[in-house]
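Take a look at the letters that make up each chain.
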Amino acid sequence: MTQRETKARLLAAYDQQLRTDAETPSALEVTKHGPLRLATFLGGRGFITYRDLGDADEQSVRRLVEEAVGYFQAKPEITKVEWKTRGHDRAPGLHEALLHNGFTPDPPESIMIGEAQALSVDVPLPDGVTLRQVTDEADVRAMSAMQDEVFGEPVSDEMADALLRRLSLDDSMELWVAEADGHIVSAGRLEPVPGTDFAGIWGGATREEWRGRGIYRALTARRAQSALAKGKTLIHSDSTEFSRPILERSGLLKVSTTTPYRWARG
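Keep in mind it's a predicted model, so treat the numbers as computed, not measured.

Undergrad: So what exactly am I meant to see when it comes to the pattern of salt bridges here?
TA: If the charged atoms of two oppositely charged side chains come close together, the side chains can form a pair. Going through the model one piece at a time under the given rule, you end up with 24 salt bridges. The partner of aspartate 139 in a salt bridge is arginine 132, and the shortest N-O contact between them spans 3.2 Å. Of the charged contacts, one joins arginine 141 and glutamate 137 as a salt bridge, the two residues approaching to 2.9 Å between their closest N and O atoms. Taken together, the residues span about one helical turn, with arginine 141 and glutamate 137 both in helix 5 (residues 137-150) at a distance of four residues. Residue classification places glutamate 137 among the partly exposed positions, given a relative accessible area of 46%.

Undergrad: I keep staring at the packing of helix 5 against helix 6 (residues 158-169) and nothing clicks. Help me out?
TA: Two numbers describe a pair of packed helices, the interaxial angle and the distance between the axes. Between helix 5 and helix 6, whose axes approach to 9 Å, the crossing angle comes to 140°. One element, helix 5, and the other, helix 6, form an angle in the oblique class. In this structure, the crossing between helix 5 and helix 6 has a hand that is right-handed. Contacts from Glu137, Val140, Arg141 and Ser144 of helix 5 reach helix 6 at Met159, Ala160, Asp161, Leu163, Leu164 and Leu167. Looking at the contact of helix 5 with helix 6, its residues break down into six nonpolar, one polar and three charged.

Conventions and cut-offs
- Residues numbered from 1 in each chain as written.
- Predicted model: local features only at pLDDT ≥ 70, side-chain atom pairs only at ≥ 80, totals over all residues.
- Heavy atoms only, no water.
- Salt bridge = Lys/Arg side-chain N within 4 Å of Asp/Glu carboxyl O.
- Helix = DSSP H or I, 4+ residues; strand = E, 2+ residues; numbered from the N terminus.
- Buried < 20%, exposed > 50% of the residue type's maximum accessible area, 1.4 Å probe, protein only.
- Axes fitted to C-alpha atoms, helices over the stretch in contact; angles between N-to-C directions.
- Parallel < 35°, antiparallel > 145°, perpendicular 65-115°, else oblique.
- Left-handed = near helix turned anticlockwise from the far one by under 90°.
- Contact = heavy atoms within 4.5 Å.
- Nonpolar A, V, L, I, M, F, W, Y, C, P; charged D, E, K, R; others polar.

In structure tokens form, the structure reads like this:
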């Protein structure tokens, strides 16, 4: 099979298996509106996704965007909304409609998919660095704070609270960290997707002074091994341009792009 054929196969599996309820496992509520799935999360977050927009024309797309914004505007607890677009979708006029309704695009990310077995390799760690899975509240909050700092965001309880809630629900999510001298230097989570061949790897972050030493690759390999143990054969992730080359070296392929568009209540 050529690489183009492999990418097409992986992208088809992504569309069929992941663009369903599997995409929002921790949502408090999901409402269907035409092809859209409107999800509400803890912390006043709204999220909009879909498998495809069918044969919608520009007028229909514009109406869907307006109606989705209206839905969340009518929920006073919602303060911000993400509309998740994919580069391979047919969506005439969507970019313009989102901008017109107050959304702002983030930089595009790469949709990366690969065989879990290919990622399950032995990666040597630097001396003094160890990997472990964390579940205790103090560890989860330390991991979340480190990720906030690496991503250049103010340290907040929002993500830690959401992760702790998911751990309490036992939805099979796993949190993994790399530590040195008792401090977390890299972290990421594994999200096996029920009823599919997939597990997602998310939230990958490594402190700048620890980059380039194979720690994130080792963390990726360890999560792939855990995914295989749970019967998952495919790994997927949305990656920035910083992490994409690392994932490519680990064996994942870029099959498309995704661009989050964000709306905030004025």
